[in-house]
Amino acid sequence: MGNVSITEYVSTFRTGSYSEQLRVMYYDTRYPVAWISRAEALIYKNFLVANGFTAVDADELKTFMQANGAGSVAVMAQDVAPDTVANDQSSNAIIRKYLDAGGTVVWMQ
């Protein structure tokens, strides 16, 4: 039949409206894009800002991720994470700590 494994499962949810959640969108012209164009990234940025997301640059993204976790969303309008949050290739990276704290990261690809 297969192997049975027992693991702990933790689920987090938030009540209330979606608009009450902390929502930011990362876009920073100081940082490159890789396989989407700058024009596409700008389209994502403008759409999300028009729909209630707060635009943040690389430094503000770092501050946001350090201060938030469960119930918050960070959308990456650019396809490359900045070094302000991808500062380490281990569990010590700010983006990893944010995810471990229950934050959500969405890449627009």
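These figures come from a predicted structure and were not determined experimentally.

**Student:** Give a description of the pattern of salt bridges that names residues and reports values.
**Tutor:** Evaluated as defined, the whole model comprises 4 salt bridges. A salt bridge links D59 to R30; the shortest N-O distance between them is 3.2 Å. Of this pair, D59 sits in helix α2 (residues 58-67) while R30 sits in the loop between β1 (22-26) and α1 (38-50), placing them 29 residues apart in sequence. Of the residues examined, R30 reaches a relative accessible area of 52% and is grouped as exposed. In this structure, R96 engages D100 in a salt bridge whose closest nitrogen and oxygen atoms are separated by 3.2 Å. One end of the pair, R96, and the other, D100, are both in helix α3 (residues 94-100), 4 residues apart, so they sit about a helical turn from each other. For R96, a relative accessible area of 39% gives the class partly exposed. Residue D100 is classed as exposed on the basis of its relative accessible area of 54%. Several salt bridges share partner residues, and in doing so they unite D28, R30, D57 and D59 into one network.

**Student:** Residues and numbers for the nonpolar core, please.
**Tutor:** Counting 16 residues, the largest nonpolar core has Y26, L61, M65 and A74 as its most contacted members. Of all the secondary-structure elements, those providing two or more residues to this core are β1, α2, β3 (72-76) and α3. If we skip the residues at most four places from it in the chain, Y26 touches Y31, V56, D57, A58, L61, V75, M76, A77, Q78, V80 and P82. With 9 residues, the next largest nonpolar core counts M25, V73, V75 and A77 among its residues.

**Student:** Which residues make up the sheet that holds β1, and what values do they have?
**Tutor:** Taken in spatial order, the 4 strands make up an open sheet running β2-β1-β3-β4, and their pairing is parallel. Because the sheet does not close on itself, it has two edges, and the strands there are β2 (54-56) and β4 (104-107). Along the sheet, successive strands turn relative to each other by an average axial angle of 25°, direction set aside. As judged from the 4 bridges shared by β3 and β4, these two strands associate in the parallel manner. Note that in β4 the partner of M76 across the bridge is W107. Sitting on the sheet, α1 touches β1, β2 and β3, and the angle it makes with β1 is about 160°.

Rules used throughout
- Residues numbered from 1 in each chain as written.
- Predicted model: local features only at pLDDT ≥ 70, side-chain atom pairs only at ≥ 80, totals over all residues.
- Heavy atoms only, no water.
- Salt bridge = Lys/Arg side-chain N within 4 Å of Asp/Glu carboxyl O.
- Helix = DSSP H or I, 4+ residues; strand = E, 2+ residues; numbered from the N terminus.
- Buried < 20%, exposed > 50% of the residue type's maximum accessible area, 1.4 Å probe, protein only.
- Core = buried A, V, L, I, M, F, W, Y, C linked by side-chain atoms within 4.5 Å.
- Contact = heavy atoms within 4.5 Å.
- Pairing = 2+ DSSP bridges.
- Axes fitted to C-alpha atoms, helices over the stretch in contact; angles between N-to-C directions.

Functional significance is not addressed by these values, which are geometric in nature.
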